[in-house]
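Structure assessment
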Amino acid sequence: MSPTSPANPACPTRRLTTAQALVAFLARQYTERDGRRQRLISATWGIFGHGNVAGIGQALMEAGGGRSGGGNGGAGNGAAHRMPYLQGRNEQAMVHAAVGYARQSGRLSAHAVTTSIGPGATNLVTGAALATINRLPVLLLPGDTFATRPADPVLQQLEVEYAGDVSVNDCLRPVSRYFDRITRPEALIPAALQAMRVLADPAGTGAVTLALPQDVQAEAYDWPEEFFAERDWHVRRPAPDTHELEAAVRAVRSARRPLIVAGGGIRHSAAEETLAAFTAATRIPVASTQAGKGALRHDHPADVGGIGHTGTATADELARTADLVIGIGTRFSDFTTASGTLFANPAVRVLHLNITGFDAHKLAALPLVADARAGLEALTAALAGRGYRVDPAYETEYTGAKEAWEERVEASFATPDPTARPTQTQVLGLLDALVTEDDILINAAGSLPGDLHKLWRTRSRDQYHVEYGYSCMGYEIPAAIGVLLAAEGRTPRRPVWALVGDGTYLMNPTEIVTAVQENLPLKLVVLQNHGYASIGGLSEAVGAERFGTAYRHRDADGGFTGPPLPVDLAANAASLGMRVLRATTVDDLRTALSEARDAGGPTCVYVETETPDTVSGPPPAQAWWDVPVAETASRPAAVKAREEYDRQVAARRRHL
């Protein structure tokens, strides 16, 4: 029998600490969309210290503990309301894992991340920025300094002379979609409800931070039982406004060379089939951003590949001549628009279907503010009775250009000498020949995103997992763990590949230990090219002559042009518990990749790649990207690069 509130004897209460109450509350939150219901917060990652060990840590132990839950505990958690705990090694990486999980779960389920105060909390900032920029939900629960200030300062406390209520957790404010500091137990009730509202909001989701002073976490309070009732958060599909829909129909019907730019909103809305139906009716070609790649399969007749700086020649040429650009669920970043130079037709207009008005109005677009699937369904129905379809000659043009690009892909993937060291694009070609629609590829930074965007043949809606909103080095390995956790229970288990270069690997390999601990069959491919290949190429293009981008010993003049550093990343991965397969030739690599795909535990394929100077490499960039070049310089490389920059920037326009 629960006690009752002295103020209201009819209202039963439960006496718990603030941390116990929060964990019990989180275990009873659900999302619902299209009749499908699932836990909103399905697990909590944590590294414990003096800011959370006696609060959230103790509460998690009572609420289940292991991945599959545990005992009933003092928080009153039955089997359905346990809170699984996941042990991380780096706070930033725990957020990345949570983001990977949320993306694979369609933003309908998320993870929480708890840390101590101080460096544990500030390590969350990069992951939080990545989550918010990519519009992916994650709940952050950093410990905070004492609310009651019995000792001031405490260990790891930041002292600010002008304010007594500031802590390092305030760094999380600009990268969170919602932030609150819980300075009294009862303040948790409205804050927790607001946090769930934001996490389940398809237009406003991202990182949500509830900063938890360590004394408040451990303080007991009589909580109303209603706080622990199961609660469903409906993930809405807003339909378009009638006026905006009519304007969109008029714009499409008047277009002669329309082009769809498919963004990540299509995936978040599960609108892939709706997009396919729309293109079947209209024959409008579809180019994709990094987040939107996979909106159509690579072999769909209307798919023309990636768009922008890392896009295909087919998509970029269509973009230059389009008279109507139809954005669907995209942010229209500078990579997509080639820094404002890509949509070059003087008469071009932009129509933008997006769930947020903020994005829908970018590029002075005609806005169609709606859920991607609901908006496409409405647009398809509105056009159905009006007989719109692109001219057959336009369809023939883009399908022919697509076939020509496929020949360039084949040339990049070709491996004429099986005994040679493979190039990076040949690595992708060998993977392309191996995978099926079940495989998932994860990448985020370096030169791989550009090669993948141009060349990868996506076979399913969720195969292509490239994080390019924040392009964060170190995302791939923890994100792969999150994806594997989201796909648990499927038989057979889906192969999940994390593709990283040596620079990215050295940034954040720590969660290999987590994959080993959980026996997750992560397939890690490490490409050793002795430095930052992507930034090295960019550095050369802007006249910086690859300064500081190679992993080499210093030379006699103090530069970094000596022999490669004797760093053995394969040995490092093995020391962290992975099985490692070394490959030195194309044939070796083909065998190793096949063996890794079949492996039941975490497996690393390590290969040193050849530079594409003497063998077939990826096609060059098909569109510009604005990275300012020094306006004055003494070195010829920078002077020449500035001349090219001035030529390119002259083509930039503002869409008004």
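Scroll up for the structure.
Rules behind the numbers
Residues numbered from 1 in each chain as written. Predicted model: local features only at pLDDT ≥ 70, side-chain atom pairs only at ≥ 80, totals over all residues. Heavy atoms only, no water. 1 Å grid on protein atoms, 1.4 Å probe; cavity = no way out; pocket = protein on both sides within 12 Å on 5 of 7 lines; lining within 4 Å. Points joined across faces, edges and corners; volume = space filled by probe spheres on them. Helix = DSSP H or I, 4+ residues; strand = E, 2+ residues; numbered from the N terminus. Nonpolar A, V, L, I, M, F, W, Y, C, P; charged D, E, K, R; others polar. Phe/Tyr/Trp six-rings, centres within 6.5 Å; stacked < 30°, edge-to-face > 60°. Buried < 20%, exposed > 50% of the residue type's maximum accessible area, 1.4 Å probe, protein only. Lys NZ or Arg CZ within 6 Å of the ring centre and 35° of its normal. Pairing = 2+ DSSP bridges. Axes fitted to C-alpha atoms, helices over the stretch in contact; angles between N-to-C directions. Contact = heavy atoms within 4.5 Å.

Where empty space is left becomes clear once a probe the size of a water molecule has been rolled over the atoms. Estimates place the volume of the second largest pocket at around 470 Å³. If you go around the second largest pocket, you meet 25 residues; those closest to its centre are Arg 36, Gln 104, Ser 105, Gly 106 and Ala 486. Only β3 (36–39), α3 (91–104), α9 (264–269) and α18 (476–486) provide two or more residues apiece to the lining of the second largest pocket. Residues of the lining of the second largest pocket, tallied by class, amount to 6 nonpolar, 8 polar and 11 charged.

What follows is about the packing of aromatic side chains. The final tally for this structure, using the stated rule, is 11 aromatic pairs. The interplanar angle of 80 degrees and the centroid separation of 5.7 Å between the aromatic rings of Tyr 394 and Tyr 398 together place this pair among those described as edge-to-face. In this pair, Tyr 394 and Tyr 398 both sit in helix α15 (residues 392–413), 4 residues apart, roughly one turn of the helix. Judged by its relative accessible area of 2%, Tyr 398 is buried. Seen from their ring centres, Tyr 532 and Tyr 551 are 5.1 Å apart, and the 70 degrees between their planes marks the pair as edge-to-face. Placement of the pair is Tyr 532 in the loop between β22 (522–528) and α21 (533–541) and Tyr 551 in the loop between α21 and α22 (569–575), with a sequence separation of 19 residues. Feature note: the residues Phe 25, Tyr 221, Trp 223, Phe 227 and Phe 228 constitute an aromatic cluster, connected by ring pairs. The ring of Tyr 464 is capped by Lys 293, whose NZ or CZ atom sits 5.5 Å from the centre of that ring. Between the NZ or CZ atom of Arg 582 and the centre of the ring of Tyr 606, over which it lies, the distance is 5.7 Å.

Looking now at the sheet that holds strand β20 (residues 464–466). Spatially, β20-β19-β21-β22-β24-β23 is the arrangement adopted by the 6 strands of the open sheet, whose pairing is parallel. The outermost strands of the open sheet, each flanked by one partner alone, are β20 and β23 (579–583). Neighbouring strand axes in the sheet, compared pairwise and without regard to direction, differ in orientation by 20 degrees on average. As paired elements, β22 and strand β24 (residues 603–608) share 6 bridges and run parallel to each other.

Attention shifts here to the environment of Gly 311. On the secondary structure map, Gly 311 appears in the loop between β15 (303–306) and α11 (313–321). You can call Gly 311 buried: its relative accessible area is 0%. Distance from Gly 311 to Asp 215, taken between C-alpha atoms, is 52 Å for residues 96 residues apart in sequence. Discounting chain neighbours no more than four positions away, the residues touching Gly 311 are Gly 306, Asp 316, His 453, Lys 454 and Gln 622.

Below, the discussion takes up the pairing of strand β2 (residues 29–33). In terms of burial, β2 is largely enclosed, as 4 of its 5 residues are buried. The pairing of β2 with strand β12 (residues 231–234) spans 4 bridges and is classified as parallel. The residue bridging Gln 29 from the neighbouring strand is Arg 231, located in β12. Strand direction decides the pairing type here: β2 and β3, joined by 4 bridges, are antiparallel. Residue pairing for β3: Glu 32 is matched across the bridge by Arg 37. Counting the residues in the hairpin turn of β2 and β3 gives 2 residues, including Asp 34, whose phi is positive at 55 degrees.

Pairing within the open sheet is parallel, and its 6 strands lie in the order β15-β14-β13-β16-β17-β18. Single-partner strands in this sheet number two, and they are β15 and β18 (366–369). Between one strand axis and the next, the sheet turns by 20 degrees as a mean value, whatever way the strands run. Summarising the sheet, strand β13 (residues 258–262) and strand β16 (residues 324–328) pair through 5 bridges and their orientation is parallel. Each bridged residue has a counterpart across the sheet, and for Leu 259 the counterpart in β16 is Val 325. Running over the sheet, helix α10 (residues 272–282) touches β13, β14 (286–288) and β16 and is turned about 170 degrees from β13. Strands in contact with α11 are β13, β14 and β15; relative to β15, the strand with the most contacts, it is inclined by about 100 degrees.

What is shown is where atoms sit, not what they do.
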